[in-house]
Amino acid sequence: MPENTMNDPVPVVRDIDKIYPHDGLETQRKRFEKLRDRFSETFEGKKPQFIARSPGRVNLIGEHIDYSLYEVLPMAIAADVLMAVRAVNHTASKEETKIRIVNMNPQKFKDGEFSVPKNGDIEIDSSTLQWTNYFKAGFKGAVNLLRKANVNFAACGMEVLVDGDVPPGGGLSSSAAFVCTSALATLRANGLREVPKKELVELSIVSERSVGVNSGGMDQAASVFSIRGDAVSISFSPELYAEALPFPKTEPPITFMIAQSFVAADKHVAAPEQYNFRVVECTLAAEVMAAKLGLRLQADSGPLGTSLRGLQTAYFESGKGGDQKDPEEQIKTVLSLSQETLGQPEGFTRGEIASFLSMSVSDLEKRFMEKFPVRGERFYLQQRTHHVFTEALRVQRFKRLLQSPPVDANTALLPKLGAILNESHASSRDVYVHSCPEIDEMCKIALGAGSYGGRITGAGWGGCSVHLVPKDKVEAVKSAWEEKYYRKREPDITEANLAEAIVVSEPGHGAML
């Protein structure tokens, strides 16, 4: 995906067969018709002017390293968020405009309405968990972008009906899909006929942080940049860059299965102890390593302004690492340095870290823990860096195998890719500590039924797992999960819920209008 493709506008399509797999087209046509009909029923007989959509994603390899600015390999899935939209022009005399937002599932998601000051900003209370906050986040980012181009810009009103089939808390980035869709819808409603993909991704990354999560950037990039049939390689340093990564042809074909654990993992609820805490640990690790190595970190696009990738760059630009240019060898070097400089298995207290950084504890908390609050007293810096650096190396190995598969790809490629997934899961489970017993059990069951490898995917602490399975073993793995996991957990589980729990996925298309 060259630079000019990244800067291409989000595609506008007339027929949904360009978006969804053939076997799901009929279901999706009915879904779109229902969305249009409900819009007219909800908004006094009016019709939507357009429908915006952005998909969820599954991350194949590269877990919890995007916010450290290391490369990741996700792919979009068919599940997505749809927004049917009608722009409502306000009169010049009005000092504010109204946004009405309704969900296709009103029992679970109550209708929302909010006003936007003509020249002011929209307020988002990240301390409250409201589904409309995600719309506000995308709306706010889009309006800020439009105001950069025109300081006198005033947003139009909007009527919005939302439908989504990306399971919340399932590790498939429902929140990123929602924020990307709301930003795209707002830009289009306010007259931007062509929405550049890269701008949409960049504003969506920043926007989701306004709901209280230190998000990296992988989820939004995968939701927008993905091309049907391919994975997408996404890097963040020195700047955001994405390229399509086709899968080699093999026999049996490369098949990925995504399985729900039904352990809800809402990173926005548990962020202070889990997701946000890991972001702070990684950032502090970079800062402490820099202090001990006598380096000065440059500000970068990490959520807190510096990153482990920035530490790597600073070390080699300083000349301390010699003239090593190979990216993988550089990562191996900083991995070794992390073991030397952060070798304290019991973790570090706030006081110890503050001392390393020559600042008070209160200043440490203000600098690294105020924007996105965290709860925890010990910071396991060496363990977190070990995962980040080894996972970054696994991404490179996985990518290299896809780009240059072995000669005997039919017999050698899938086991090698599967082994990397298994290594990744072991690190997530034992070193980064963001798996859960249920996901661990699902990985074990799948391996016993013929999977080459599997791992937790997404924020973790529940959610989904992704598995590389030969096509002729798909039914065996499904049956094993049903017997040994789902029916043990919920004996009366319905066939419909089982069908939702397990998805045999092909790479989907990114955001569209």
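For the structure itself, consult the block above.
What comes next is a walk through the structure. Bear in mind the structure is a predicted one, so any value in this text is a computation, not a measurement.

## Notes on unusual backbone geometry
Leaving glycine aside, a negative phi is the common case for residues, and trans is the common case for peptide bonds.
Consideration 1: Residue proline 238 is bonded to the preceding serine 237 through a cis peptide linkage, with omega at 5 degrees.
Consideration 2: Note on placement: proline 238 falls in the loop between β6 (230-235) and β7 (241-246).
Consideration 3: Residues other than glycine seldom take positive phi values, yet leucine 69 does so here, at roughly 70 degrees.
Consideration 4: Tracing the chain through its elements places leucine 69 in the loop between β1 (50-61) and β2 (73-88).
Consideration 5: On the basis of relative accessibility, which here comes to 7%, the residue leucine 69 falls in the buried class.

## Concerning the nonpolar core
Consideration 1: Counting 129 residues, the largest nonpolar core has Phe135, Met158 and Leu284 as the members making the most contacts within it.
Consideration 2: If you tally residues by element for this core, the top one is helix α7 (residues 275-293), at twelve residues.
Consideration 3: Aside from chain neighbours lying at most four places away, what touches leucine 284 is Ile353, Leu357, Leu364, Phe368, Met369, Phe379 and Leu381.

## Description of the layout of surface pockets
Consideration 1: The volume enclosed by the second largest pocket comes to roughly 520 Å³.
Consideration 2: Taken together, 21 residues line the second largest pocket, and the ones lying closest to its centre are Val13, Arg36, Phe50, Ile51 and Leu513.
Consideration 3: Of all the secondary-structure elements, those providing two or more residues to the lining of the second largest pocket are α2 (25-42), β1 and α4 (174-189).
Consideration 4: Ranked by the residues each element gives to the lining of the second largest pocket, the list is headed by α2, at four residues.

## Focus: the pattern of salt bridges
Opposite charge on two side chains permits pairing when their charged atoms draw close.
Consideration 1: Per the counting criterion, the structure on display carries 28 salt bridges.
Consideration 2: Notably, a salt bridge pairs aspartate 165 with arginine 31, separated by 3.6 Å at the nearest N-O pair. Of this pair, aspartate 165 sits in the loop between β5 (157-164) and α4 while arginine 31 sits in helix α2; the two residues are 134 residues apart in sequence, bridging distant segments of the chain.
Consideration 3: Take arginine 31: its relative accessible area is 12%, and that puts it in the buried class.

## Overview of the packing of helix α5 (residues 197-208) against helix α6 (residues 218-225)
Consideration 1: Direction vectors running N to C along α5 and α6 enclose 150 degrees, while the axes themselves pass 9 Å from each other. On the basis of their axis angle, the class for α5 and α6 is roughly antiparallel. Crossing geometry of α5 relative to α6 is assigned as right-handed. Across the interface between the two elements, Lys197, Lys198, Leu200, Val201, Ser204, Ile205 and Glu208 of α5 pack against Gln220, Ala221, Val224 and Phe225 of α6.

## Notes on the packing of α4 against α6
Consideration 1: Their axes nearest at 9 Å, the elements α4 and α6 cross at an angle of 60 degrees. Relative to α6, α4 is oriented oblique. Considering how the two elements wind past one another, α4 and α6 form a crossing that is right-handed. Contacts from Ala176, Ala177 and Cys180 in α4 reach Asp219, Gln220, Ser223 and Val224 in α6.
Consideration 2: Grouping the constituent residues of the contact of α4 with α6 by class yields four nonpolar, two polar and one charged.

## Structural notes on helix α12 (residues 381-403)
Consideration 1: Over its 23 residues, α12 runs 33 Å from end to end, which matches the ideal 33 Å to within 8%, given 1.5 Å per residue.
Consideration 2: Across the 23 residues that make up α12, a large majority, 18, are buried.

## Here we look at the pairing of β1
Consideration 1: Counting buried positions over the twelve residues of β1 gives twelve, a clear majority of the element.
Consideration 2: Here ten bridges tie β1 to β2, and the two strands are oriented antiparallel to one another. Directly across from arginine 53, in β2, lies its bridge partner leucine 82.

## Comments concerning the packing of aromatic side chains
Consideration 1: Applying the stated criterion across every chain yields a total of 16 aromatic pairs.
Consideration 2: Summarising the aromatic geometry, the rings of tyrosine 70 and phenylalanine 389 are spaced 6.1 Å apart at their centres and angled 90 degrees between planes, so their arrangement reads as edge-to-face. In this pair, tyrosine 70 is assigned in the loop between β1 and β2 and phenylalanine 389 in helix α12, connecting sequence segments 319 residues apart. Assigned by exposure class, tyrosine 70 and phenylalanine 389 land together as buried.
Consideration 3: An aromatic cluster is defined as three or more aromatic residues linked by ring pairs; in this entry it consists of Phe109, Trp131, Tyr134 and Phe178.
Consideration 4: Cation over ring: arginine 278 sits above tyrosine 432, and NZ or CZ is 5.7 Å from the ring centre.
Consideration 5: In this arrangement the basic side chain of lysine 292 is found over the ring face of phenylalanine 356, its NZ or CZ atom lying 4.4 Å from the centre.

## Some words on the pairing of β5
Consideration 1: Burial analysis of β5 places seven of its eight residues in the buried class, which makes it a mostly covered element.
Consideration 2: Pairing geometry for β2 and β5, over eight bridges, is antiparallel. The residue bridging leucine 82 from the neighbouring strand is aspartate 163, located in β5.
Consideration 3: Relative to β5, strand β3 (residues 96-103) is paired through five bridges, and the arrangement is parallel. Bridging from a neighbouring strand, asparagine 103 pairs with valine 162 of β5.

How each quantity is defined
- Residues numbered from 1 in each chain as written.
- Predicted model: local features only at pLDDT ≥ 70, side-chain atom pairs only at ≥ 80, totals over all residues.
- Heavy atoms only, no water.
- Helix = DSSP H or I, 4+ residues; strand = E, 2+ residues; numbered from the N terminus.
- Buried < 20%, exposed > 50% of the residue type's maximum accessible area, 1.4 Å probe, protein only.
- Core = buried A, V, L, I, M, F, W, Y, C linked by side-chain atoms within 4.5 Å.
- Contact = heavy atoms within 4.5 Å.
- 1 Å grid on protein atoms, 1.4 Å probe; cavity = no way out; pocket = protein on both sides within 12 Å on 5 of 7 lines; lining within 4 Å.
- Points joined across faces, edges and corners; volume = space filled by probe spheres on them.
- Salt bridge = Lys/Arg side-chain N within 4 Å of Asp/Glu carboxyl O.
- Axes fitted to C-alpha atoms, helices over the stretch in contact; angles between N-to-C directions.
- Parallel < 35°, antiparallel > 145°, perpendicular 65-115°, else oblique.
- Left-handed = near helix turned anticlockwise from the far one by under 90°.
- Nonpolar A, V, L, I, M, F, W, Y, C, P; charged D, E, K, R; others polar.
- Expected span 1.5 Å × (residues − 1).
- Pairing = 2+ DSSP bridges.
- Phe/Tyr/Trp six-rings, centres within 6.5 Å; stacked < 30°, edge-to-face > 60°.
- Lys NZ or Arg CZ within 6 Å of the ring centre and 35° of its normal.

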